[in-house]
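Understanding the architecture of this molecule
Here's the letter readout for the chains.
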Amino acid sequence: MNNDKQKMRKKDIFENNIGEKLRNFQSQPSSRVWKELEAGLDNTRKLSRQRYIKYAAAIILLLATAWGIYEALVYIGTPHDQVADVFSPKPSENVEISEKTKPDIISEKEVPDIYQEITVSEIEDTDFFLPVKQEKDKKKIAAHVIDSLKPVMHEEEFVSDIFETSLAGYSIIKTTDDITISGVELKQPAVYARSISEQDPYFDDIPERNRWSVGIKIAPQYAFRINSSEPEVLYRGKAIFEQNEKHLYTYNLGIDVKYQLSNKISLESGLQYIRMGQSIRNINIYHHPGNESPFGILPAHVNHPQSVLTSMGEIHFTDPTLYFDDISAHRVLTLEEVNEPDDVLLERGDRLNQHLGFLEVPLTIRYNLYDGLVKIQLKGGVGFNYLVNNSVVLQREGFRNSIGTTSLIRNWNSSITGGVALQVPVTDKLNFYIEPSANLFISSMTYGREYNVYPYGISLYTGLGYAF
Amino acid sequence: MESIDNIVKGCLNNRRKAQKQLYDLFAAKMYGVCLRYARNREDAEDILQEGFMIVFDKLHTFKKKGSLEGWIKRIIINTAVQKYREKISNLVVGNMHNDSDYPERAVDYDHIQLNELIEIIRSLPVQYRIVFNMYAVEGYSHKEISNILKISENTSRSNYARARYMLIEKLKNENLVSYTSKALVK
C-alpha cells in the first residue's frame, strides 16, 4: 500500500511538471506537410475512382463468366441427338405451304424443285424457334443450298441471306425486293424452304471440325498492384507507397489446351508462368566492401539487419556489405547500430525491383463474337497461382543483381482474368492468335500484415495453336 | 472565421478550402504531439501528414460526443504508435524493471525550457519515448499501453521507469535542472 502511494506520489510530481508542460507544447510544421497532404488527398480521390472502376470491371467480368458458364451448361443439357426430331418437322406437317403467294414474276422453274414457298409469318416462327444444330451444319446447309441454287442465283447478297436463315432441318431462302434471281427482279418478298436430311452429300464431304487444340503463348506485361489498405492501420502512410512505388514490365508465358464445346463456346486450361511485381524507388544503396559491413562484423549466419517496407511485403537482403537508406520517407528498418558508411554510394535513388513468379493453372471460357476467316472471341475466367520465384533485383545502369527476397507473400493465390482474342488461321490446323488480356489477384498477396495488396497485370499475348 | 461545424461539413463534402481550415486550426497542436513521439522533425511531419490523411478519410465516423480536437489527437497518437510499433516489439528489453529500481530525485522542473525538453525526449530510444509519452503525458495506464503496443505490462512499466530515469539524467547532464532535495524514494 505504501509502495503504491509512493509510486502515485512519484507520478504526480513527475507528471504534474513535465507532463503538463509537454501536453501544451505546440509548434508550427513546415509548409511541406500541407503540400504533401494536399497531393495525398488528390491521390485518394483518384484511387477512390480507380476502386469503383475496378469493382465495376470485376462485376462485368464475373457476369460475363457466369453467363458463359450458363450458356455452356445449357448447351451440355440440350439433347442434341433429338434436335432434328423435335425441332425439324417435315414441311408438309408443320410449315404451311402457301400456294397463293408465289410471285408472278418468278417462274416455277427458276427456283429449284426442292424448295417450297412459305409465308413470311411462318418463316419467322420457324426462323426463331428452330435452333441451329451446330455451326458446321449451318455451313453445310448453306453450302448445299448455294450449290443447288447456282443455276438461278448470281447475286452475292443472296448468299449472305442464306447464311442467316439456314436453320436446323431447313435451308431457307428469304428474298427481298432488291434481289434479282436470274436477271428477274422480285417485286415482293418471297420465302422458300426445303428440308435437309442427314443423307445429303455435303454431310459426308465436309470434314468434322477439330474440337481440341494445344498452343504456346508469350506476353509482355505491365505489372503493378492495387493497395486497398485502410489508412488508419498502415504502418507507413499509403501516400508514401503510392509516391515511391512504380509498375514493372515483366512477361508471361505458357501452354494451353482448348476444347471447343459448341459453335460459340470453348473451354481453356493449361499452365502458365506469370511474373508479377513492382519497382521500389528512392532508396540509396551504399556498398561497403571488405569483411566488415556497415553494421560491424556479422557472423555468416546472421541475417542482414536491414529490411525495407513496401506495400507488397517486406524486403530482406542477403549481402551484408550493402547499406540502404531511404531518401524520401522512412521505409528502411534497421535493427542494429549503423556505422554511417563513408564509402561507395552505388547510385542515388536506385531501383529495387520485387519479382514474384507464379505458376498458374487458368480455367477460361471463350465466347465467339465473330466466326469468319478471323475469329474474335471474348474470354474470361479464373486462375490458381502458386509462388515459385521470389527475388529482389537491384537494377542499375547496365547491372541486374539479385540481392534479396520479399517476405510475407502468400504461396497460393487466385485471380480473375479477361480479355479479347483474335485468331487468324495460318494453315488448316495452325492458328496464330493475339490476345490483349488483364488479370487481377482476388486474394491479398501478403499475409500477417494490415495491407491488402492485389497485384494485376495487363498483357498482350501472342501465340500459336494447333488444332486436332 | 467559420464555425467548426461548417468546416467539418465542408470537409465531409471534400472541399479543399475547408480541409485547409481544419488543418490550420489543429496543425500546430498536433505537430507538438508528433514532435514528442518522433525521432526527428521529418518523422514528425510524416506522422502529421499521415494522421491528417486519416482524419479526412474517417471524419464521417466522428461522433460529436467528445471534442474534435481530442478525436484528432487520438488519431495522431495512433499514427505515431503505428509507425514505431514494429520497432518497439522488436526491441523489448531483456530485464524487467520497476519504477522503484531507479532513484527518483526531487527536481526543479520550473526552469526547464520546453524546446530543450522536447529535444531530450526525442533522443530517448524509441521504446522508451513512446511509453513515456503515452503514460506520462497522455495518461494511458500501463495496461492500456500494453494492449496498444502488444507488449507486456511489465515491459511497459520497465520502459517507462527507464525513460524517466534517462530523461532526468539527460536533463542533469545538460545542466537543465537543479536538484532541490535528495531522492524522494529510495
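Residues numbered from 1 in each chain as written. Chains lettered and ligands numbered in written order. Predicted model: local features only at pLDDT ≥ 70, side-chain atom pairs only at ≥ 80, totals over all residues.

Points about the overall build of chain B
Inclusion rule: Under the DSSP-based scheme used, a helix requires at least four consecutive residues in state H or I and a strand at least two consecutive residues in state E, with every element numbered from the N terminus. To sort residues by exposure, count the other C-beta atoms lying within 10 Å of each residue's C-beta; 20 or more gives buried, 12 or fewer gives exposed, and values between give partly exposed, all with C-beta atoms placed from the backbone. By definition, residues are in contact whenever their C-beta atoms, placed on the basis of the backbone, come within 7 Å of each other.
Helix and strand content of chain B: 8 helices and 2 strands. Listed by position from the N terminus, the elements making up chain B come as α-α-α-α-β-α-α-α-α-β. Among the 186 residues that make up chain B, the fraction classed as buried is 40%. Looking at chain B alone, contacts between residues at least 24 apart form 74% of all its contacts between residues at least 6 apart.

Focus: the confidence of the model for chain A
Residue and element names in this part refer to chain A. As a reminder, the rule being used: For every residue, the predictor states its confidence as a pLDDT score lying anywhere from 0 to 100.
Chain-level pLDDT for chain A is 70 on average; 56% of the residues reach the 70-or-more range. Across residues 79–135 the pLDDT falls below 50, and counting only partners more than four positions away or on other chains, this stretch makes 92 contacts in the model. Ignoring residues within four places in sequence, the model shows residues 231–236, a span with pLDDT below 50, making 20 contacts including any to other chains.

Points about the nonpolar core
Here is the rule: Residues enter a nonpolar core if they are buried, belong to Ala, Val, Leu, Ile, Met, Phe, Trp, Tyr or Cys, and are joined to the set through C-beta atoms within 7 Å.
In this structure, Cys 34, Leu 48, Ile 76, Val 131 and Phe 132 of chain B are the most contacted members of the largest nonpolar core, which totals 52 residues. Top contributing element to this core by residue count: helix 2 (residues 16–37) of chain B, with 9 residues. Residues in contact with Val 131 of chain B, not counting those within four places in the same chain, are Ile 145, Ser 156, Asn 159, Tyr 160 and Ala 163 of chain B. With 13 residues, the next largest nonpolar core counts Ile 283, Val 308, Phe 317 and Phe 324 of chain A among its residues.

As for helix 8 (residues 153–173) of chain B
Where we set the bar: Multiplying 1.5 Å by the helix residue count minus one yields the expected span of that helix.
The first and last C-alpha atoms of helix 8 of chain B sit 30 Å apart over 21 residues, in line with the 30 Å expected at 1.5 Å per residue. If you check which residues of helix 8 of chain B are buried, you get Thr 155, Ser 156, Arg 157, Ser 158, Asn 159, Tyr 160, Ala 161, Arg 162, Ala 163, Arg 164, Leu 167 and Ile 168 of chain B.

Focus on the packing of helix 7 (residues 142–149) of chain B against helix 8 of chain B
Residues and elements named next belong to chain B. Formally: To define axes, lines are fitted to C-alpha atoms, for helices over the stretch in contact only, and angles between the resulting N-to-C directions are given on a 0 to 180 degree scale. Working rule for angles: under 35 degrees goes down as roughly parallel, over 145 as roughly antiparallel, 65 to 115 as roughly perpendicular, anything else as oblique. Gly is placed with the polar residues, together with every amino acid not listed as nonpolar (Ala, Val, Leu, Ile, Met, Phe, Trp, Tyr, Cys and Pro) or charged (Asp, Glu, Lys and Arg).
The contact between helix 7 and helix 8 brings their axes to 8 Å, and the two run at 110°. For the element pair helix 7 / helix 8, the angle class is roughly perpendicular. Side by side, helix 7 and helix 8 meet where His 142, Lys 143, Ile 145 and Ser 146 of the first sit next to Glu 153, Ser 156 and Arg 157 of the second. Looking at the contact of helix 7 with helix 8 residue by residue, the class counts come to 1 nonpolar, 3 polar and 3 charged.

Re the pairing of strand 11 (residues 313–317) of chain A
Residue and element names in this part refer to chain A. As a reminder of what qualifies: Note: two strands are recorded as paired if DSSP finds a minimum of 2 bridges between them.
The buried fraction of strand 11 is high, at 4 of 5 residues. For strand 10 (residues 306–310) and strand 11, the ladder comprises 4 bridges, and the chain directions are antiparallel. Within strand 11, the residue paired with Thr 310 across the bridge is Gly 313. Connecting the antiparallel pair strand 10 and strand 11 is a turn made up of 2 residues.

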